[in-house]
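# Descriptive structure summary
Next come the chains, spelled out residue by residue.
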Amino acid sequence: MKAIHYLLTLLLLGSVTALAQKKEKPNPNKDAVIKSVEVKRTDLTGMSDKIWAYAETALKEKQSSKLLADYAEAQGFKVDRGVAGLPTAFIASYGTGKPVIGILGEYDALPGISQKALPTKEPLALGGGGHGCGHNLFGVASLAAAISIKELIQQGKLKGTIRFYGTPAEEAVGGKIYMARAGLFNDLDVCLDWHPGTEIQSGTQSSKAMVDFIVEFKGKAAHAAGDPWNGRSAVDGLEAFTDGVNMLREHVRPTVRMHYAILAGGDVPNVVPEYAKIWMWVRDSKRDGVQTVFDRVQEIAKGAAIIAGVESKLSVISGNYEIMVNHVGAEAVQKNIEQLGPITYTDEEQSFAKEIQETSGAPVIGLDGKIYPMIPTDEDPSGGSTDTGDISWVVPTVRLRVTTGAKGAPWHSWAEVACAGMSIGHKGMVYAAKALAMTMVDLYEQEPLRKAVRDEFEKTRNGHVFKPYIPEGPPPLPEGN
Ligand SMILES: [Zn+2]
């Protein structure tokens, strides 16, 4: 019995020692950034709740962007508002010289998914927007991390420049693409980014590249029965186009996605339609793959116009690069989240999440606040696209995902709006701020880490010159701007 007890004690001691060895050395700067975020918890939660309630959609984030910019200014940052022709974009910077480290913050909501901070579906404002992607938490957490670094620069404990980028309209035209085209990220050594989610993970996954465009067909109107020979149908052109696209479907790689919506297709049957319009997205795992398919689609549009005897016009609206993963950066993030440890939840928070899961037909497993080991990068990323992809091709971009919602429940829906407006979201936001700030401490302190991050970036980029999929000229702004 005694021997067993002794053995157990030894084993236990052994594992404690192993744990202790795994812990990073104490770092006063990391302690300071954690404390800085903690001290501002009330401010941060207050700002996040305000942005959540404003629920302003893409390019209309006037109050949300002002709230963050004013707070940054009050904290001693120099703030440039309305950069890159985007009234709701801004840059807050502090410090001088190298290294220059940036951090991204989004704050746009999604239309039509207004929801109260309740575990059952109940709109806050009928027909209003909602933060179904948790961007109310995104912007605030990144700004909090930037402020904690600013304090260390101010105290002379870190050297260089910190820059917070207020990046609007992620859910629409992609504010970051316009900001990148304007060269606003060019002098950064590294850029950090995070995203709300349903697990805590360092960013080892990419996103899909895409191109977003419109094809219009212009024909000649005539009486569809009386003198159809005098008419040329724009809808014929559109149909020939979709036929061509759907034939192409068989001859693209399995990673390609093509989806479209017909926006105009004639008004009445007895008039040969003069005008037709289709909105289409092409996605693939990599930008090169998108371009290959897009080249074919442009030819199909021309061919369709010839078939129908009409004119066609293709206009690119926007598009994204795939995210270039930076593994060296992801490892740095991983060490910091392991040091921070998991997020723990109260029984009330777990019940809140479980009720959402039950209502939305997801497995009732509650919240997942544990730290996952780093996972290998998937060859073909699942899911959507983001304008952070473009940033990652301009500057090495280090990413993180933090739990702010109920696993399995639909994203971009009332379920995440509910969690983002209460303590589940707040916990994820504070956690993200700390993890990002700690990673920035590493990047400021360790020149070899910055070099390794940059070397990986240059190797992957392999000389590619950034060329975004946006048309010349200013960003398309909603009326009244
Ligand atoms: Zn998002």
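Going by the structure above, here's the rest.
We now turn to the structure provided with this report. What you see is a predicted model, and the numbers here were worked out from it, not measured in a lab. (Residues numbered from 1 in each chain as written. Predicted model: local features only at pLDDT ≥ 70, side-chain atom pairs only at ≥ 80, totals over all residues. Heavy atoms only, no water.)

### Some words on the overall build of the chain
Short version of the rule: Counting from the N terminus, the helices are DSSP H or I runs at least four residues long and the strands are E runs at least two residues long. The globule rule used here is 2.2 Å times the number of residues to the 0.38 power, and the radius of gyration it is set against is calculated over C-alpha atoms. Residues are treated as being in contact if the distance between any of their heavy atoms lies within 4.5 Å. To be clear on the numbers: accessible area is Shrake-Rupley with a 1.4 Å probe, and residue cover counts the displayed protein chains and nothing else. Under this rule, positive means Lys or Arg and negative means Asp or Glu; His and the chain ends count for nothing. Think of each charge as sitting on NZ of Lys, CZ of Arg, CG of Asp or CD of Glu.
On a plain count of helices and strands, the chain comes out with 14 helices and eleven strands. A compact globule built from 481 residues would reach a C-alpha radius of gyration of about 23 Å, and the chain, at 25 Å, matches this within 12%. Dimensions of the chain along its principal axes, counting C-alpha atoms only, are 100 × 55 × 40 Å. Intrachain contacts of the chain at a sequence separation of at least 6 include 81% that bridge at least 24 residues. In the structure as shown, the chain presents an accessible area of about 21500 Å², 56% of it carried by carbon and sulfur atoms. Within the chain, one finds 51 positive and 57 negative side-chain charges whose respective centroids are separated by 5 Å.

### With respect to the state of the cysteines
Keep this limit in mind: We call a pair of cysteine sulfur atoms a disulfide when they lie within 2.5 Å.
Evaluated as defined, the whole model comprises zero disulfides. In this model Cys419 remains outside any disulfide bridge; the closest cysteine sulfur is found in Cys133, 13 Å from its own.

### A short note on the packing of helix H7 (residues 234-248) against helix H8 (residues 287-308)
As a reminder of what qualifies: Only the contacting stretch of a helix is used when fitting its axis, a line to C-alpha atoms as for every element, and angles between N-to-C directions run 0 to 180 degrees. If you view the pair so one helix is near and one far, a crossing is left-handed when the near helix is turned anticlockwise from the far one by less than a right angle, and right-handed when it is turned clockwise.
Relative to each other, H7 and H8 sit at 145°, their axes nearing to 8 Å. Judged by the twist between their axes, the crossing of H7 over H8 is right-handed. Taken together, the residues of H8 that come into contact with H7 (itself represented by Asp236, Gly237, Ala240, Phe241, Gly244, Val245 and Leu248) are Val293, Arg296, Val297, Ile300, Ala301, Ala304, Ile307 and Ala308.

### So, the pairing of strand S7 (residues 209-218)
Quick note on the threshold: When accessible area is computed with a 1.4 Å probe and restricted to protein chains, residues below 20% of their type maximum are described as buried, those above 50% as exposed, and intermediate ones as partly exposed. Pairs of strands are assigned from DSSP output, requiring at least two bridges between the strands.
Taken across its ten residues, S7 has nine buried, putting it largely inside the fold. Pairing geometry for S7 and strand S9 (residues 275-284), over ten bridges, is antiparallel. Among the inter-strand pairings, Val215 is bridged to a residue of S9, identified as Ile278.

### Some points on the nonpolar core
Filter applied, for reference: What we call a nonpolar core is a set of buried Ala, Val, Leu, Ile, Met, Phe, Trp, Tyr and Cys residues that are connected through their side-chain atoms within 4.5 Å.
Counting residues in each nonpolar core, the largest one holds 77 residues, and the members touching the most others are Ile149, Leu192, Trp194, Ile356, Leu400 and Met440. With 14 residues, the single largest contributor to this core is helix H13 (residues 423-445). Among all residues touching Leu192, those that are not within four sequence positions of it are Ile101, Gly102, Ile103, Leu104, Val398, Leu436, Thr439, Met440 and Leu443. Residues Ala240, Val252, Met280 and Ala301 belong to the second largest nonpolar core, which totals 30 residues.

### Re the packing of aromatic side chains
Counted only if it meets this: Classification of ring pairs uses Phe, Tyr and Trp, with its six-membered ring standing for Trp, and accepts pairs whose centres are within 6.5 Å; under 30 degrees between planes counts as stacked, over 60 as edge-to-face, and the remaining range as tilted. A positively charged side chain is recorded as over a ring if its NZ (Lys) or CZ (Arg) lies within 6 Å of the ring centre. The angle to the ring normal must also be within 35 degrees.
Tallied over the full model, the rule gives eleven aromatic pairs. Plain terms: the ring middles of Tyr165 and Phe185 are 4.3 Å apart, the flat faces sit at 25° to each other, and that makes the pair stacked. Of this pair, Tyr165 sits in strand S4 (residues 161-166) while Phe185 sits in the loop between helix H6 (175-181) and strand S5 (190-197), and the two are 20 residues apart along the sequence. With relative accessibility at 0%, the residue Tyr165 sits in the buried group. Pairing Tyr321 with Phe466 gives two aromatic rings, centres 5.4 Å apart and planes at 35°, and the pair type is tilted. Pair noted here: Tyr321 is in the loop between strand S10 (311-320) and helix H9 (327-340) and Phe466 is in the segment after helix H14 (447-461), with a separation of 145 residues, a long-range link. Its relative accessible area of 1% is what places Tyr321 among the buried residues. In this arrangement the basic side chain of Lys150 is found over the ring face of Tyr94, its NZ or CZ atom lying 5.4 Å from the centre.

### A look at the pairing of strand S2 (residues 90-95)
Of the pairings in the sheet, the one linking strand S1 (residues 78-81) to S2 comprises four bridges and is antiparallel in character. Bridging across to S2, Val79 finds its partner in Ala92. As defined by bridge partners, S2 adjoins S4 across six bridges and the pair is classed as antiparallel. The residue of S4 that forms the bridge with Phe90 is Gly166.

### Comments concerning the coordination of the zinc ion
Inclusion rule: Any nitrogen, oxygen or sulfur atom within 2.8 Å of a metal ion counts as a donor, with the limit raised to 3.2 Å for Na, K and Ca, and since water is left out, coordination shells can look unfinished.
At this site the zinc ion is bound by Cys133 (SG), His135 (NE2) and His195 (NE2), with donor distances of 2.0 to 2.3 Å. Mapped onto the polypeptide sequence, the residues donating to the zinc ion form the spacing pattern C-x1-H-x59-H. Judged on exposure class, the residue Cys133 and its partner His135 are both buried.

### Side note on the pattern of salt bridges
Quick note on the threshold: Here, a salt bridge means any Lys or Arg side-chain nitrogen found within 4 Å of an Asp or Glu carboxyl oxygen.
For the coordinates displayed, the defined rule picks out 22 salt bridges. With its nearest N and O atoms 2.8 Å apart, the salt bridge here joins Arg81 to Asp70. Residue Arg81 is found in strand S1, and its partner Asp70 is found in helix H4 (residues 62-74); the two are separated by eleven residues along the sequence. Classification of Arg81 by relative accessible area gives partly exposed; the value is 40%. You can call Asp70 partly exposed: its relative accessible area is 29%. With a closest N to O distance of 3.3 Å, Lys302 and Glu299 form a salt bridge. Placement of both Lys302 and Glu299 in helix H8 is noted, with a separation of three residues, approximately one turn of the helix.

### Observations regarding helix H5 (residues 135-154)
The following threshold applies: Under the convention used throughout, the expected extent of a helix is 1.5 Å for every residue step, that is, one less than its residue count.
In this model H5 runs 28 Å from its N-terminal to its C-terminal C-alpha over 20 residues, within 8% of the 28 Å that 1.5 Å per residue would give. Counting buried residues in H5 gives 19 out of 20 residues, a clear majority hidden from the surface. Just downstream of H5, Gly156 is the residue with a positive phi angle, here 75°.

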